[in-house]
Amino acid sequence: MPFKGQQILPAIQSMKDFDKMLTYSFRYGVFLNIHVGMLKSVFDYARSENKDMFLHMDLIQGLSNDEHATEYVCQTIKPYGIISTRSSVIKKARQLNVKAIQRTFVIDSTALNRSIQIIHKTDPDYIELLPGVVPKVIERIRLETGKPIIAGGLIETQQEVEAAIAAGASAITTSSLSLWDLFS
């Protein structure tokens, strides 16, 4: 089972959020919106606290989100995993044996079909599906790709988390402290 049964992946938007995450038993989380100058110290801190953290490559401030930046981050910072909407970033992370999450936004049937095609080409370890409040889309993408699904975006209640899990999501990304409380 992905993430050793952890259903919530805390989405960290600040060091205050990370400090809050450390008060929970969560092992896995996601760093969002981080300055390039903080990467090394933040990941060193996470490792010292036995946390396996994903890094959202598209949201690093001061660093491009291309395959060259991915190579640098994977070799120098050594995150547990990478998240990106960009196929080239996912492919590079996979080449470097770093866990890769393909983030995809499904807003209509065309985007759904295109996302499935991209997923087959990039072969990520996981898929982050946004918005994560559409159980039938979670189920379809999981069935058509065979990949574990992480649901994210617009999930605000315990019932929405449970519906996403029931539809086949392995975990939920959220910055909602109230959901962290409920699922810790």
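Everything discussed here concerns the structure shown above.
S.K.: Describe in detail the overall build of the protein, supporting the description with residues and values.
M.R.: Helix and strand counts for the protein come out as 8 helices and 10 strands. With the principal axes as the frame, the protein shows a C-alpha extent of 40 × 35 × 25 Å. Looking at the 184 residues of the protein, the share that counts as buried comes to 48%. Within the protein, counting contacts between residues at least 6 apart in sequence, those at least 24 apart form 52% of the total.

S.K.: Pulling in residues and values, what's your account of unusual backbone geometry?
M.R.: Backbone torsion omega between L130 and P131 reads -10 degrees, so that peptide bond is classified as cis. Within the secondary structure layout, P131 lies in the loop between β8 (126–130) and α6 (135–145). Here the phi dihedral of D123 falls at roughly 50 degrees; this positive angle occurs in a residue that is not glycine. Relative to the helices and strands, D123 is located in the loop between α5 (109–122) and β8.

S.K.: An account of the pattern of salt bridges is requested, with residue identities and associated values reported.
M.R.: Taken as a whole and judged by the stated rule, the model has 8 salt bridges. A salt bridge links K147 to D123; its shortest N-O distance comes to 2.5 Å. On the criterion of sequence distance, the pair formed by K147 in the loop between α6 and β9 (149–152) and D123 in the loop between α5 and β8 is long-range, its members being 24 residues apart. By relative accessible area, which is 16% here, K147 ends up buried. Residue class for D123 comes out partly exposed when judged on its relative accessible area of 35%.

S.K.: I'd like a description of the pairing of β9, backed by residues and values.
M.R.: Of the two faces of β9, the one holding I149 and A151 and the one holding I150 and G152 are both buried throughout. Of the pairings in the sheet, the one linking β8 to β9 comprises 3 bridges and is parallel in character. The residue of β9 that forms the bridge with L129 is A151. On the question of chirality, the crossover connecting β8 to the parallel β9 by way of α6 is right-handed.

Rules used in this analysis
- The written sequence of each chain sets the order in which its residues are numbered from 1.
- At least 70 in pLDDT is required for a residue's local features to be given in this predicted model, at least 80 for side-chain atom pairs to be given and counted, and no such filter applies to totals for whole chains, interfaces and linings, which use all residues.
- The side-chain values count all of the structure's non-hydrogen atoms but skip hydrogen atoms and water molecules.
- In this description a helix means any DSSP run of H or I spanning at least four residues, a strand means any run of E spanning at least two, and both kinds are numbered starting from the N terminus.
- Relative accessibility decides the category of a residue: with a 1.4 Å probe and only protein chains considered, values under 20% of the type maximum give buried, values over 50% give exposed, and everything between is partly exposed.
- Contacts are residue-level and defined by heavy atoms, with any inter-residue pair within 4.5 Å sufficient.
- A pair is scored as a salt bridge if a Lys or Arg side-chain nitrogen falls within 4 Å of a carboxyl oxygen belonging to Asp or Glu.
- In this description, strands pair whenever DSSP reports at least two bridges between them.
- Assignment of crossover handedness uses the view with strands pointing away from the viewer, where a clockwise path from the first strand over the helix to the second indicates a right-handed crossover.

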